[in-house]
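# Commentary on secondary and tertiary structure
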Amino acid sequence: MTAADELERWARALGDASRQIRAGAVRETRESAEDIRSAYRARARRDTGAMIRTTTIKATNGGLRVAVGPTAYYAVFQEEGTSYIQGDGAMRDSTDAEVPDWRGNLAKLADDAL
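Residues numbered from 1 in each chain as written. Predicted model: local features only at pLDDT ≥ 70, side-chain atom pairs only at ≥ 80, totals over all residues. Heavy atoms only, no water.

### Here we look at the overall build of the chain
Here is the rule we go by: Working definition: helices are DSSP H or I runs of at least four residues, strands are E runs of at least two. Numbering for both runs from the N terminus. Both definitions apply: the radius of gyration is a C-alpha atom measure, and the globule rule equals 2.2 Å times residues to the power 0.38. Accessibility here uses a 1.4 Å probe with only protein chains present; expressed as a share of the type maximum, an area under 20% marks a residue as buried, one over 50% as exposed, and anything in between as partly exposed. The criterion used for residue contact is that any of the two residues' heavy atoms lie within 4.5 Å.
When its secondary structure is counted, the chain shows four helices and two strands. The C-alpha atoms of the chain give a radius of gyration of 20 Å, which is well past the 13 Å a tight globule of 114 residues would have. Its C-alpha atoms give the chain principal-axis dimensions of roughly 75 × 20 × 20 Å. Of all 114 residues assigned to the chain, the portion counted as buried reaches 27%. Once local pairs closer than 6 in sequence are excluded, the contacts in the chain between residues at least 24 apart make up 54%.

Rendered as structure tokens:
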């Protein structure tokens with residue numbers, strides 16, 4: 001096998017690993033987003049239920065980036081608080097609890113593929 005053949009083989013292997021890692025990363029990101037949404041729904045205030053009902057997941061960048069949160073206009077006030085109410089930090093707490101697992105799962109994907 002020539003050096004050029006060897007390089008071509010490595011290039012194909014890296015391309016396969018890249019596709020495998022990306023597919024796994026999209027899957028892990030979606031699962032983590034679902035976990036964050038579930039945890040938020042368990043932690044959020046339940047005055048009218050709108051915060052829980054309007055919590056959505058929006059994926060961009062082919063599923064590698066997600067936004068999780070309620071669409072109610074007053075969600076930021078409940079999360080961060082105002083001069084009249086203390087924020088509950090439910091989304092922050094839900095995200096902080098999930099991110100270490102997500103990072104670990106992505107690292108494992110890369111290790112397994114390479």
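The rest of the description comes next.
### Focus: helix α4 (residues 90–113)
Let me state the cut-off plainly: Multiplying 1.5 Å by the helix residue count minus one yields the expected span of that helix.
For α4, which comprises 24 residues, the first-to-last C-alpha distance of 35 Å matches the rise-based estimate of 34 Å (1.5 Å per residue) to within 8%. Taken together, the buried positions of α4 are occupied by Ala90, Met91, Ser94, Glu98, Leu109 and Ala113.

### Observations concerning the pairing of strand β2 (residues 65–70)
Under the convention used in this document: Here the rule is simple: two strands pair whenever DSSP picks up at least two bridges between them.
Two elements, strand β1 (residues 55–60) and β2, share six bridges in a ladder whose sense is antiparallel. For lysine 58, the partnering residue across the bridge sits in β2 and is alanine 67. Between β1 and β2, which pair antiparallel and follow one another directly, the connecting turn spans four residues, one of which, asparagine 61, has a positive phi of 55°.

### Points about the nonpolar core
Where a protein is soluble and globular, its nonpolar side chains tend to be buried together. Our working definition: Buried Ala, Val, Leu, Ile, Met, Phe, Trp, Tyr and Cys residues form a nonpolar core when they are joined through side-chain atoms within 4.5 Å.
Formed by Ala33, Ile36, Tyr40, Ala44, Met51, Ile52, Ile57, Val68, Ala72, Ala75, Ala90 and Met91, the largest nonpolar core amounts to 12 residues. Put simply, the parts of the chain that give this core at least two residues each are α1 (3–43), α2 (50–53) and α4. Tallying contributions element by element places α1 first for this core, with three residues. Beyond its immediate sequence surroundings of up to four residues, valine 68 is in contact with Ala33, Ile36, Arg37, Thr55, Thr56, Ile57 and Met91.

### Focus on the pattern of salt bridges
If charged atoms from side chains of opposite charge come close, those side chains can pair. Filter applied, for reference: What makes a salt bridge here is a side-chain nitrogen of Lys or Arg within 4 Å of a carboxyl oxygen of Asp or Glu, nothing more.
Scanning all chains against the criterion turns up three salt bridges. Where glutamate 34 meets arginine 37, a salt bridge forms, and the shortest distance between an N and an O atom there is 2.8 Å. In this pair, glutamate 34 and arginine 37 are both assigned in helix α1, three residues apart and thus about one turn of the helix distant. The class for glutamate 34 is partly exposed, based on a relative accessible area of 26%. Taken together, the salt bridges that share partners define one network made up of Arg30, Glu34 and Arg37.

### Details of the side chain of glutamate 79
Put simply, the rule reads: Only four residue types enter the tally: Lys and Arg on the positive side, Asp and Glu on the negative side, with His and both chain ends excluded.
Mapped onto the fold, glutamate 79 is located in helix α3 (residues 75–80). Although glutamate 79 lies buried, it forms no salt bridge, and the closest oppositely charged side chain, arginine 92, sits 4.2 Å away as judged by the N-O distance. When residues no more than four places from it in sequence are discounted, the contact partners of glutamate 79 are Tyr40, Gly87, Asp88, Gly89, Ala90, Met91 and Arg92.

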